[in-house]
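Topology and contacts: notes
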Amino acid sequence: MPRIFAHRGSSGRYAENTRAAFMQAIQDGADGLECDVRLTADGEVVVHHDAKLGRTSNGSGPVSEHSLTQLRGLDFSSWKNPSWPAEYGGTREQLLTLDDLLDIAEAAGRPIEVAIEVKHTPAHNPALDEAVLAILEARSTPSSLTFGNVSASIMSFSPTSVRRMIEVCGAEKVCMLIENKRLTKLQRSRQKAAMKMLDETAQLLAGPGVSFIRAHEEHVRRWIRQGTKHRVWTVDTLEDAHYLLDLGVEELTGNYPAELRQALQDTPTPTP
């Protein structure tokens, strides 16, 4: 059985990156919690995917131009599912800081990994890297990123960010995410740099999407042969899961962790 990560929590059920989604993911038996982090105007690290508010909240404008207090006053959850168990917190408790999420993971009472994607869009922001490292270093040594029942790993599409994290944490704790598409000059540059880094560093965790793997299977097979572990996103179908497991992928990230695990348990991997 592969390790299954909840993509932005159990985001198929509750609003992505919210307290409810992560607490549900723990109940769903996810091996890991995948999240995205950004910096607020007052330097707090918050769990949020987009550079701007609006898609997943009733706010507007860049996250980086709002204080944590201002963000706490917004509704990040009702757009997806207006009701959830009371123990998952109220509406104003759904936005999390990274520290909040690590506390939730520690309270799980079982081994669990928190996969932290540092979001560098549109440009690399070294202050975000350093803020994330400071939070983790307050709980563990940089070389282990383990505290209590929780282990952490750091992910990014930014090669600059990944190189910084490798310097501090070592390659084994860092995931080089790979752009699925090459629509812009930045995306093309990042994809090329990511593939080069994975060619050169077997210890680095690879983070491609399903569509990248289907388009570049020969590269993935080569990386797997050299000993590179893969954490693939976003895996929500049994067909994709079996395809990836047949290749030798060890970690799957999906929006429905409980359903994915159950489907894999109920259906053996087809024999090639």
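Description of the structure in this document. Per chain, the residues get numbers from 1 upward, laid out in the order the sequence is written. Where local features are concerned, this predicted model is filtered to residues with pLDDT of at least 70; where side-chain atom pairs are given and counted, the filter is 80 or more; whole-chain, interface and lining totals use all residues. In computing side-chain properties, one takes all heavy atoms of the structure into account and sets aside hydrogens as well as water.

1. Observations regarding the side chain of S156
Note the threshold: Here a helix means four or more residues in a row that DSSP labels H or I, a strand means two or more in a row labelled E, and each is numbered from the N terminus. Under the scheme applied here, a residue whose accessible area is under 20% of the maximum for its type counts as buried, over 50% as exposed, and between as partly exposed, the area being computed with a 1.4 Å probe on protein chains only. A 3.5 Å cut-off defines polar contacts: any pair of N or O atoms within that distance qualifies, except that in protein one atom must be a possible hydrogen donor and the other a possible acceptor, and neighbouring residues in sequence count only when both atoms are side-chain atoms. Note on contacts: a residue pair qualifies if any of its non-hydrogen atoms lie within 4.5 Å across the two residues.
Mapped onto the elements of the fold, S156 is located in strand 8 (residues 150-156). On the basis of relative accessible area, S156 is assigned to the buried category, the value being 1%. Of note is the side chain of S156, whose polar atom sits 2.9 Å from the backbone nitrogen of S158. Contact partners of S156, with chain neighbours within four places excluded, come to V118, H120, S161, V162, C175, M176 and L177.

2. Remarks on empty space enclosed by the protein
To be explicit about the condition: In this analysis the probe radius is 1.4 Å and the grid spacing 1 Å, with only protein atoms considered; a cavity is a set of points the probe fits into but cannot get out of, a pocket is an open set with protein on both sides within 12 Å along at least five of seven lines, and lining residues have an atom within 4 Å of a point. Grid points are joined across faces, edges and corners, and a volume is the space filled by probe spheres set on the points. Classes in brief: Ala, Val, Leu, Ile, Met, Phe, Trp, Tyr, Cys and Pro nonpolar; Asp, Glu, Lys and Arg charged; the others, Gly included, polar.
According to the stated counting rule, one finds one cavity of 30 Å³ or more in the structure shown. In this structure, the largest cavity encloses a volume near 70 Å³. For the largest cavity, the full set of lining residues is A15, E16, N17, T18, V47, H48, H49, T56, F76, W79, Q94 and L95. Its residues placed into classes, the lining of the largest cavity shows five nonpolar, six polar and one charged.

3. Thoughts on the nonpolar core
Basically, it comes down to this: We call a set of buried Ala, Val, Leu, Ile, Met, Phe, Trp, Tyr and Cys residues a nonpolar core when their side-chain atoms join them within 4.5 Å.
One finds V37, I116, V132 and L244 to be the most contacted residues of the largest nonpolar core, which totals 61 residues. Looking at which element gives the most residues to this core, the answer is helix 4 (residues 126-137), with six residues. Counting residues in each nonpolar core, the second largest holds eight residues, with V63, L71, L74 and L95 among its members.

4. Observations regarding the packing of helix 9 (residues 238-247) against helix 10 (residues 257-266)
Convention followed: Here the axes come from fitting lines to C-alpha atoms, over the contacting stretch only for helices, and the angles between their N-to-C directions go from 0 to 180 degrees. Oblique is the label for any angle not under 35 degrees, not over 145, and not in the 65 to 115 range, which are roughly parallel, roughly antiparallel and roughly perpendicular in turn. For any pair of crossing helices, the crossing counts as left-handed if the nearer helix is rotated counterclockwise from the farther one by less than a right angle, and right-handed if it is rotated clockwise.
Where helix 9 meets helix 10, the axes come as close as 10 Å, and the angle between the chain directions of the two elements is 65°. Relative to helix 10, helix 9 is oriented roughly perpendicular. Note that helix 9 runs across helix 10; the crossing there is right-handed. The residues of helix 10 that touch helix 9, namely those facing L238, A241, H242 and L245, are L260, A263 and L264. Grouping the amino acids of the contact of helix 9 with helix 10 by side-chain chemistry returns six nonpolar, one polar and no charged.

5. Observations concerning the packing of aromatic side chains
Which entries qualify depends on this criterion: Ring geometry is summarised as follows: Phe, Tyr and Trp rings, the Trp one being its six-membered ring, pair when their centres sit within 6.5 Å, and such pairs are stacked at plane angles under 30 degrees, edge-to-face over 60 and tilted between the two. Whether a charge sits over a ring depends on NZ of Lys or CZ of Arg being within 6 Å of the ring centre and within 35 degrees of the ring normal.
Counted under the stated rule, the structure contains three aromatic pairs. Relative to Y88, the ring of Y14 lies with its centre 6.1 Å away and its plane at 90°, an arrangement referred to as edge-to-face. A residue pair is termed long-range when its members are at least 10 positions apart, and Y14 in the loop between strand 1 (3-7) and helix 1 (19-27) and Y88 in the loop between helix 2 (68-72) and helix 3 (98-106) qualify at 74 residues. Pair check on accessibility: Y14 and Y88 agree, each one buried. The ring of F5 carries R231 above its face, with NZ or CZ at 4.3 Å from the centroid.

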